[in-house]
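Report on the structure
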Amino acid sequence: MVKLNKNELLEINGGGISFGVGCFIVGAVIFVIGVIDGYVRPLKCNG
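Report on the accompanying structure.

What counts and how
- Counting restarts for each chain: residues are numbered from 1 in the order of the written sequence.
- Only residues with pLDDT of at least 70 are given local features in this predicted model, and only at 80 or more are side-chain atom pairs given and counted; all residues enter the totals for whole chains, interfaces and linings.
- The basis for every side-chain value is the complete set of non-hydrogen atoms in the structure, without hydrogens or water.
- The helix and strand labels rest on DSSP assignments: H or I over at least four residues marks a helix, E over at least two residues marks a strand, and numbering proceeds from the N terminus.
- Each residue gets one of three labels from its accessible area relative to the maximum for its type: buried under 20%, exposed over 50%, partly exposed in between, using a 1.4 Å probe on protein chains only.
- Only the protein chains shown count as covering a residue, and every accessible area follows the Shrake-Rupley method with a 1.4 Å probe.
- Only residues whose relative accessible area exceeds 30% and that form no salt bridge are eligible for patches; like-charged ones are grouped when within 9 Å, while nonpolar side chains (Val, Leu, Ile, Met, Phe, Trp, Tyr) are grouped when within 5 Å.
- Salt bridge, as used here: a side-chain nitrogen of Lys or Arg that lies within 4 Å of a carboxyl oxygen of Asp or Glu.
- We call two residues contacting when some pair of their heavy atoms lies within 4.5 Å.

1. Concerning the overall build of the protein
For the protein, the helix and strand inventory stands at two helices and zero strands. Across its three principal directions, the C-alpha atoms of the protein cover 65 × 25 × 10 Å. Sorting the 47 residues of the protein into buried and exposed places 2% on the buried side. When the accessible surface of the protein is summed, it comes to about 4,900 Å², and 68% of that surface belongs to carbon and sulfur atoms.

2. Concerning a nonpolar patch on the surface
On the surface, a cluster of nonpolar side chains totalling about 620 Å² of accessible area is made up of Ile17, Val21, Phe24, Ile25, Val29 and Ile33. Phe24 sits in the exposed class, given a relative accessible area of 63%.

3. Description of the pattern of salt bridges
When the charged atoms of two side chains lie near each other, side chains of opposite charge can form a pair. The tally for this structure, following the rule as stated, stands at one salt bridge. A salt bridge links Asp37 to Arg41; the shortest N-O distance between them is 3.1 Å. Under the relative-accessibility criterion, Asp37 is labelled partly exposed at 35%. Owing to a relative accessible area of 49%, Arg41 belongs among the partly exposed residues under this scheme.

4. As for the environment of Leu4
Its location among the elements puts Leu4 in the segment before α1 (6-10). For Leu4, the contacting residues outside a window of four places in its chain are Leu9 and Ile12.

Set out below in structure tokens:
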């Protein structure tokens, strides 16, 4: 096992998704759930 110094640790790129991509995925899922809910259970606007 090799111990890395601070500079080497800062150069490592992780495999996680970025914050923007995560927000886009969550937003798309919420949108699809809203469309399905509106299609299955249509409600009148009370405005």
